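# Structure assessment
What follows is each chain in one-letter form.
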Amino acid sequence: MDKKLLDILVCPVSGSAVTLAGQDTLTQLNERVSAGKARYADESTVDAPLEQALITADRHTAYRVDDGIPVMLPERGIDLSSPA
């Protein structure tokens, strides 16, 4: 992902900074996706694994990055604070 773009992106809900998720975080998140336990903010189930994700500074929300394009819609935030 382009560094300049990453520097200006913020969470659309909280306004906090986001960073690119590391491999460990992606692995844990994709395990939750595979188990059917990952949910978007609109309560729908995350049905496809993530290749990349942006994580909020408080580590409560992740946003998909599909084909290099961040999906920064409030309803598409993935809740990381709920138990796995």
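Right above here is the structure, for reference.
Quick look at the structure, then. (Residues numbered from 1 in each chain as written. Predicted model: local features only at pLDDT ≥ 70, side-chain atom pairs only at ≥ 80, totals over all residues. Heavy atoms only, no water.)

## Regarding the pairing of strand S3 (residues 61-66)
With 5 of 6 residues buried, S3 is to be regarded as a mostly interior element. Note: strand S2 (residues 52-56) against S3, 4 bridges, orientation antiparallel. Bridge pairing in S3 links Ile55 to Ala62. In textbook terms, the turn of a hairpin is the stretch between consecutive antiparallel strands, and for S2 and S3 this stretch comprises 4 residues, one of which, Arg59, has a positive phi near 65 degrees. As judged from the 2 bridges shared by S3 and strand S5 (residues 78-79), these two strands associate in the antiparallel manner. Within the sheet, the bridge partner assigned to Ala62 lies in S5 and is Ile78. Examined bridge by bridge, S3 and strand S4 (residues 69-70) share 2 bridges and lie antiparallel to one another. Bridge pairing in S4 links Val65 to Pro70. Remark: 2 residues form the turn of the hairpin made by S3 and S4, two consecutive strands paired antiparallel; Asp67 in that turn has positive phi of roughly 55 degrees. (Buried < 20%, exposed > 50% of the residue type's maximum accessible area, 1.4 Å probe, protein only. Helix = DSSP H or I, 4+ residues; strand = E, 2+ residues; numbered from the N terminus. Pairing = 2+ DSSP bridges.)

## Considering the environment of Ser16
Structurally, Ser16 is set in the loop between helix H1 (3-8) and strand S1 (18-20). Given the relative accessible area of 19%, Ser16 is considered buried. With sequence-adjacent residues up to four places away left out, Ser16 is seen in contact with Val10, Cys11, Thr56 and Ala57. Engagement of the side chain of Ser16 in a polar contact is seen with the side chain of Ser14, the distance being 3.0 Å. (Contact = heavy atoms within 4.5 Å. Polar contact = N/O pair within 3.5 Å; in protein donor to acceptor, adjacent residues only side chain to side chain.)

## Some points on the nonpolar core
The biggest cluster of nonpolar side chains holds 12 residues, and these are Ala21, Leu26, Leu29, Val33, Ala38, Tyr40, Val46, Leu50, Ala53, Ile55, Ala62 and Ile78. Put simply, the parts of the chain that give this core at least two residues each are helix H2 (23-34) and S2. Element by element, the count of residues in this core is highest for H2, at 3 residues. Apart from the residues within four sequence positions on either side, Val33 is in contact with Ala38, Val46, Asp47, Ala48, Pro49 and Leu50. The next biggest cluster of nonpolar side chains, apart from the first, holds 8 residues, and it includes Cys11, Tyr63, Val65 and Met72. (Core = buried A, V, L, I, M, F, W, Y, C linked by side-chain atoms within 4.5 Å.)

## Observations concerning the packing of aromatic side chains
A ring pair, where both rings are aromatic, is described by two values, the distance of the centres and the angle of the planes. In this structure the tally under the stated criterion is 0 aromatic pairs. Looking at Arg76, its charged tip hangs above the ring of Tyr40, at a distance of 4.1 Å from the centre. (Phe/Tyr/Trp six-rings, centres within 6.5 Å; stacked < 30°, edge-to-face > 60°. Lys NZ or Arg CZ within 6 Å of the ring centre and 35° of its normal.)

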